[in-house]
Amino acid sequence: MSEALAASQAPGTDIVVPGASGARQFWRRLRAQRAALVAAVVVALLVLVALAAPLLTAIEGQDPTTYHPSLVDSARGGVPVGSLGGIGADHWLGIEPQTGRDLFARLVYGARVSLGVALAATLVQVAIGVLVGAAAALGNRWVDQLLSRITDIIVALPLMIMSLALLAIVPAGFPRPVLVALVIGLVAWGTTAKIVRAQTLTLKELDYVSAARLSGWGTWRIARRELLPGLAAPVITYAALLVPINITVEASLSFLGVGVKPPTPSWGQMLTAADVWYQAAPQYLLLPAGALFVTVLALTVLGDGVRTALDPRAASRLRVGAGRKQEAKADQGGAL
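The rules behind the values
- Residues numbered from 1 in each chain as written.
- Predicted model: local features only at pLDDT ≥ 70, side-chain atom pairs only at ≥ 80, totals over all residues.
- Heavy atoms only, no water.
- Helix = DSSP H or I, 4+ residues; strand = E, 2+ residues; numbered from the N terminus.
- Buried < 20%, exposed > 50% of the residue type's maximum accessible area, 1.4 Å probe, protein only.
- Areas by Shrake-Rupley, 256 points an atom, 1.4 Å probe, with all protein chains shown as cover.
- Contact = heavy atoms within 4.5 Å.
- Arc of directions from axis to C-beta.
- Axes fitted to C-alpha atoms, helices over the stretch in contact; angles between N-to-C directions.
- Left-handed = near helix turned anticlockwise from the far one by under 90°.
- Nonpolar A, V, L, I, M, F, W, Y, C, P; charged D, E, K, R; others polar.
- Phe/Tyr/Trp six-rings, centres within 6.5 Å; stacked < 30°, edge-to-face > 60°.

### Here we look at the overall build of the protein chain
Then step 1. The number of helices and strands found in the protein chain is 14 helices and two strands.
Then step 2. For the protein chain, with 336 residues in total, the buried portion stands at 44%.
Then step 3. Only carbon and sulfur atoms are counted for the fraction: they give 68% of the accessible area of the protein chain, which is about 16700 Å².

Here it is, written out as structure tokens:
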């Protein structure tokens, strides 16, 4: 099919089917949003910190699991020795109460776990959701009814309760970050499947899909060549918004004690032990809480920017100031 046809908008939908020119317009609209650009920079820095965690801790000369009992005051219940929670040249952000483990090392390694679990869970959700949603829309009436009812059950299940139950019965020897990502992905793919099914049903009625069907193409070839490109925009948009949600879910599970287990560092796990130390060592609570806040906020703003760039007719919920004028100029530049 031609690029112009592939980049046309599906009737009755709010998502533009991206072609080559559509991709260029998407980047122009995204660059016109200042908040989204700042959020993208923050997310890139967080990912860089997570990937470079071994290098950063090597520069500091610490690691996230080594205990330093000489740096805590056992007579006072394990309060860090020194001012500001033990901050110094050897421990850039101080040490953990009771154990004396380096907070900087645990924080940057915790970024690896929190971001890695959230991204892996999102990939599982998207993969299952796209497969089930597309199969329901392309199958016969019985297949559609069966898969739609299964999806409704998955959507109705309470995520936290089901995750708690599944995590509680799995043997302790299973790698916990992998398990948490799988559980979140397997329990929370229902909404993705519903979005994909609805979009696929709309795309099936487009002229170029009908032309491909009349040309003798099979269902799998039509899905791969014609429908999947059209599903990219809504799936990418929803996936961008799923990542901060999954970070919060992982932190909540670790905070409840069924997520990532010690000594593997996780921001949610750090918060679990920090709630009784907020007066004696406030940085032990504020650092992981601040990291979670900044990460979730940046990913949410970036996800909203992606949604608005893919659907320029939908006003951004976070747009302020001259953002609308800049996006209008970006659209005019793309049209020239």
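From this point, the narrative continues.
### A short note on the environment of threonine 237
Then step 1. With respect to the helices and strands, the residue threonine 237 is situated in helix α11 (residues 219-255).
Then step 2. For threonine 237, a relative accessible area of 9% corresponds to the buried category.
Then step 3. For the pair threonine 237 and leucine 310, spaced 73 residues apart in sequence, the C-alpha to C-alpha distance is 7.8 Å.
Then step 4. Setting aside residues up to four positions removed in sequence, threonine 237 forms contacts with Val306, Arg307 and Leu310.

### A few points about helix α10 (residues 207-214)
Then step 1. When we look at burial in α10, the residues that qualify are Tyr208, Val209 and Ala212. What you see down the axis of α10 is that its buried residues fit within an arc of 105°, all on one side. Those residues of α10 that are exposed and angled more than 90 degrees off the buried face are Asp207 and Leu214.
Then step 2. Within two residues after α10, glycine 216 carries a phi angle of roughly 95°, on the positive side.

### As for the packing of helix α12 (residues 267-274) against helix α13 (residues 282-310)
Then step 1. Packing of α12 against α13 leaves a shortest axis separation of 9 Å and a crossing angle of 145°. Note that α12 runs across α13; the crossing there is left-handed. Here Trp267, Met270, Leu271, Ala273 and Ala274 of α12 lie close against α13, whose contacting residues are Tyr284, Leu285, Pro288, Ala289, Ala291, Leu292 and Thr295.
Then step 2. Tallied by class, residues from the contact of α12 with α13 come to eleven nonpolar, one polar and no charged.

### A look at the packing of aromatic side chains
Then step 1. The final tally for this structure, using the stated rule, is one aromatic pair.
Then step 2. Arranged with centres 5.0 Å apart and planes meeting at 55°, the rings of tryptophan 92 and phenylalanine 104 form a pair that is tilted. Taken together, the residues tryptophan 92 in the loop between β2 (79-80) and α5 (103-138) and phenylalanine 104 in helix α5 connect sequence positions twelve residues apart.
Then step 3. By relative accessible area, which is 35% here, tryptophan 92 ends up partly exposed.
Then step 4. Judged by its relative accessible area of 13%, phenylalanine 104 is buried.

### Looking at unusual backbone geometry
Then step 1. At glutamine 98, a position not held by glycine, the phi torsion is positive, near 75°.
Then step 2. Given a relative accessible area of 54%, glutamine 98 falls into the exposed group.

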